[in-house]
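Tertiary structure, described
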Amino acid sequence: MRSLAVASPHQGAAFAARRRRLHPSAADRDSISQHGWRCEKTQDRSFGSSLRVSHLPGTLHRDVSKSLLTPTAAVSVEQAEATADLPKGDMWSVHKFGGTCMGTSQRIQNVADIVLRDPSERKLVVVSAMSKVTDMMYNLVNKAQSRDDSYITALDEVFEKHMEAAKDLLAGEDLARFLSQLHADISNLKAMLRAIYIAGHATESFSDFVVGHGELWSAQMLSYAIKKSGTPCSWMDTREVLVVNPSGSNQVDPDYLESEKRLEKWFARRPTETIIATGFIASTPENIPTTLKRDGSDFSAAIIGSLVKARQVTIWTDVDGVFSADPRKVSEAVILSTLSYQEAWEMSYFGANVLHPRTIIPVMKYNIPIVIRNIFNTSAPGTMICQQPANENGDLDACVKAFATIDKLALVNVEGTGMAGVPGTASAIFGAVKDVGANVIMISQASSEHSVCFAVPEKEVASVSAALHARFREALAAGRLSKVEVIHNCSILAAVGLRMASTPGVSATLFDALAKANINVRAISQGCSEYNITVVLKQEDCVRALRAAHSRFFLSKTTLAVGIVGPGLIGRTLLNQLKDQAAVLKENLNIDLRVMGITGSRTMLLSDIGIDLTQWKEKLQTEAEPADLDKFVHHLSENHFFPNRVLVDCTADTSVASHYYDWLKKGIHVITPNKKANSGPLERYLKLRTLQRASYTHYFYEATVGAGLPIISTLRGLLETGDKILRIEGIFSGTLSYIFNNFEGARTFSDVVAEAKEAGYTEPDPRDDLSGTDVARKVIILARESGLRLELSDIPVRSLVPEALRSCASADEYMQKLPSFDQDWASERNDAEAAGEVLRYVGVVDVINKKGQVELRRYKRDHPFAQLSGSDNIIAFTTSRYKEQPLIVRGPGAGAEVTAGGVFSDILRLASYLGAPS
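Residues numbered from 1 in each chain as written. Predicted model: local features only at pLDDT ≥ 70, side-chain atom pairs only at ≥ 80, totals over all residues. Heavy atoms only, no water.

Concerning the pattern of salt bridges
Here the structure, examined in full by the defined rule, presents 36 salt bridges. Among the ionic pairs, E837 bridges to K860, the shortest N-O distance being 3.9 Å. Highlighted residues: E837 in strand β30 (residues 837-846) and K860 in strand β31 (residues 851-860), separated in sequence by 23 residues. Judged by its relative accessible area of 14%, E837 falls in the buried class. Residue D906 is joined to R909 by a salt bridge in which the shortest nitrogen-to-oxygen separation is 3.2 Å. With D906 and R909 both in helix α36 (residues 896-913), this residue pair falls three residues apart, about one helical turn. Salt bridges sharing common partners tie together R727, E729, E855 and R857. (Salt bridge = Lys/Arg side-chain N within 4 Å of Asp/Glu carboxyl O. Helix = DSSP H or I, 4+ residues; strand = E, 2+ residues; numbered from the N terminus. Buried < 20%, exposed > 50% of the residue type's maximum accessible area, 1.4 Å probe, protein only.)

Quick look at the structure:
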């Protein structure tokens, strides 16, 4: 006889008040007795008198007697002689419908329609409680044992929910039968909950008895819904059939032999072709009600499927199948057509919302496939979980099936030289962990046995750390162990795939993807079966790591989160180029460029998913906020949905360039046409390049020298292949190229400058170009790339701005006074022409003599520099390989279109480095 003991202390006023609260009134005892419960006082040495609430022999009816103790139906089945054998094999199709599928009367009818459309000879359907009902039932128990009177109202809500659903779904005699049973069940539950309320405690079996009613009601409603179509149907209380043994750790083990016997006896009494079975609930060998624990309905379906050796088990849910990664974190996640049993098992273990972790076990024995399908999209084929398909190849991209993550973990590291070669150390470590009941998620040990690290849930790490310090107190004091270290805020990323074991390069590809996303790995674990590779990393990096790894293996679009600094002439042109080319890049090269922010000096526009580039100008006017560069960068760097972030500086601002080092340290790639960083103080430049070379964070600046011309990349190619640079000489300014290409014949210098200004070739103040400073910056960049350690001040520059005009207050004043110097310029031009030469403004890097200069030089008319037209640039590389005839790079070197194109080219080069196909 099971009973609930309620003890009442007999000492002190405070205990006296509690005693009055615990002892029910005579009316309460009468009410309980009417429902088959006995109330009696007992004596206890420690607690004095107490009230014992127990059930009277022979008085429990239907649910209480049948479910809590021995199911009466089960007893009658055992006494009955079998009248029909249970058929087994492919004629059976098993379906499982979860709480979402059974959430409303309309959805229950949809489930009935799906079952009726199944052409299988025999169907066994496992159902969960209606959506949210299981939580409501647990809440009833919690309220009752907390002596919260609102459990009565909560029970009424449960009743109303099922009554309304039944009225919508059923009619006539079926409705009357169901409501009669519902009333009886609610009456029994009230008595049970009242007893729990009085006792202030519910045993696990009492709690399981209460909670399991949700499945009983949904199974009955579905069976009636199918019957009304004229199809014979029976419903099964699986507590009469499924027998499980508690196995600790909140798990149970099915007793397949006993369950099969009970199923055969159940079927002998009800040999129907369509059976609706309750999920989640079962019985112990002593016929005490229990459950398969949370999400156990999947497990129920798999167990029953194995008992009848079904052709297939279909799990109906609200998604189209199993995703390659959590679609809330990876928008490019894809539905997998197939998974092996082992892959599904691994994914379940690592937190993927695939199946109840133990669902795979029963069906594997008989190679019964499980299919995950969407009840709201029945046209989707879903994901089949089965034996490893034989027709798939083993290429690198197919071998990793999916990725899963677990958050809120801590890494525990036990380290010391005294561990090496000492038997039993690992046993002592994990024995201490076991003693505090902690769950070890992952273990990693160095082959030197110098350290062991393992991951546990963050909420359990304090007790684990305390236990280890206590267990190894002497070893720590003696120095045999150096430390027991806890690293908080960790996550696990697991790559899962059955073919990883037979495919070379999987680990290398995974870690390369993580490195290129600037992710630091704290620990690694991989079993010899190689079904998964597990890495531990910072929790803040987890989503970025997931996206980077998934993108690399699934050839989803190489996504770059882009921040544009400076939507001026070049920035505006770049944005237009990105807009025009984005779709082509996404379709042909799997490159997805998302502009997450645009900032100017006054306002900025931010987006979490990417700005619509067809409307960026309008949005910058209507949705902008005050510019804040720190906030802008934080917005980009903290967006973990995109693993690769790049800032594109389209300004000529020194203050913006001063942030490059910090951006690179944060793992943000930098691309720029801004010359200020590479031509600024040498120490800052060297620090920047050292950081860039030491990390997987890229810094590209092709457009700083020749706009869209491949000057920097050509120079690097020569150096990296072992060539020796002797001299670099060139016309680096498109503005000055235009001026001197057109300064011929009778034209005056001032006229040509005015024409260039009118055509937009010069800065608003032409003196910025004519001073030669811009050319000097390009010379210093090339000199430093060639290995020379020069400052900008080391470069002698011939300014083309007369001394007398340098102090002009404005560009207009300068242009008004410039004609007074036309005669001087005409004289210099005439001298050159008389010698058969032309004037050209050039920059020179003399690597041999370790110097650079910017000057106005004369060249013969057959020299390549004399044959330019328009605003073209030309650069000549004299090297050990190209000594007799320099390597020439020539083309447009000025203008917003070509400069923006050079920046765009750097963006695509970055995407290629990060894994985009070439």
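Next comes the rest of the account.
A few points about the pairing of β30
Judged by how many residues are buried, β30 sits mostly within the fold: 10 of 10 residues are covered. Residues E837, L839, Y841, G843 and V845 of β30 are buried on one face, and the alternating residues V838, R840, V842, V844 and D846, pointing to the opposite face, are buried as well. Pairing geometry for strand β29 (residues 725-731) and β30, over four bridges, is antiparallel. Following the sheet pairing, R727 is matched in β30 by D846. Between the antiparallel neighbours β30 and β31 lie four residues, among them K850 with a positive phi of about 55 degrees. (Pairing = 2+ DSSP bridges.)

Thoughts on helix α8 (residues 172-199)
With 28 residues, α8 should reach 40 Å at 1.5 Å per residue; the first-to-last C-alpha distance of 41 Å fits that figure. Where α8 terminates, the next one or two residues include G200, which has phi positive at roughly 75 degrees. (Expected span 1.5 Å × (residues − 1).)

Here's the deal with the sheet that holds strand β23 (residues 591-599)
In spatial order, the strands read β25-β24-β23-β22-β26-β27-β28; together these seven strands make up an open sheet with mixed pairing. At either end of the open sheet lies a strand with only one pairing partner, and these are β25 (625-626) and β28 (699-700). Where strand β27 (residues 669-671) lies against β28, two bridges are found, and the strand directions are parallel. The residue bridging V670 from the neighbouring strand is Y699, located in β28. α36 contacts β22 (558-565), β23, β26 (644-649), β27 and β28 of the sheet and is inclined by roughly 155 degrees relative to β27. (Contact = heavy atoms within 4.5 Å. Axes fitted to C-alpha atoms, helices over the stretch in contact; angles between N-to-C directions.)

Focus on the pairing of strand β9 (residues 274-278)
Counting buried positions along β9 yields five of five residues, so the element is predominantly enclosed. Every second residue of β9 is oriented toward a common face, with T274, I276 and T278 on one face and I275 and A277 on the other, all of them buried. Direction of pairing for strand β5 (residues 122-127) relative to β9: parallel, over a ladder of five bridges. Bridging across to β9, V127 finds its partner in T278. With three bridges joining them, strand β6 (residues 234-236) and β9 adopt parallel strand pairing. Counted as the bridge partner of S234 is I275 from β9.

Notes on the packing of helix α6 (residues 133-145) against α8
Pairs of packed helices are described in terms of their axes, by the angle between the two and the distance that separates them. Contact geometry of α6 with α8 gives a least axis separation of 7 Å together with a crossing angle of 40 degrees. Taken together, the axis directions place α6 and α8 in an arrangement best described as oblique. Once α6 is placed against α8, the crossing between them reads as right-handed. Contact with α6, carried on its side by M137, L140, V141, A144 and Q145, involves L189, L193, I196 and Y197 of α8 and no other residues of that element. Its residues assigned to classes, the contact of α6 with α8 shows eight nonpolar, one polar and no charged. (Parallel < 35°, antiparallel > 145°, perpendicular 65-115°, else oblique. Left-handed = near helix turned anticlockwise from the far one by under 90°. Nonpolar A, V, L, I, M, F, W, Y, C, P; charged D, E, K, R; others polar.)

Some remarks on the environment of I725
Residue placement: I725 occurs in strand β29. Taking the relative accessible area as the measure of exposure, I725 reaches 4% and is therefore buried. C-alpha of I725 to C-alpha of T879: the two residues are 154 residues apart in sequence and 4.5 Å apart in space. Ignoring any residue separated from it by four or fewer positions in sequence, one finds I725 in contact with L715, L718, L719, S786, V847, T878 and T879.

Let's talk about the nonpolar core
In this structure, I728, I739, F740, L770 and L782 are the most contacted members of the largest nonpolar core, which totals 69 residues. In terms of residues, this core owes the most to one element, helix α33 (residues 773-785), which gives seven residues. When sequence neighbours within four positions are dropped, the list of residues in contact with F740 reads F749, L800, W825, L839, R840, Y841 and L856. (Core = buried A, V, L, I, M, F, W, Y, C linked by side-chain atoms within 4.5 Å.)

Don't take any of this as a statement about function, it's just geometry.
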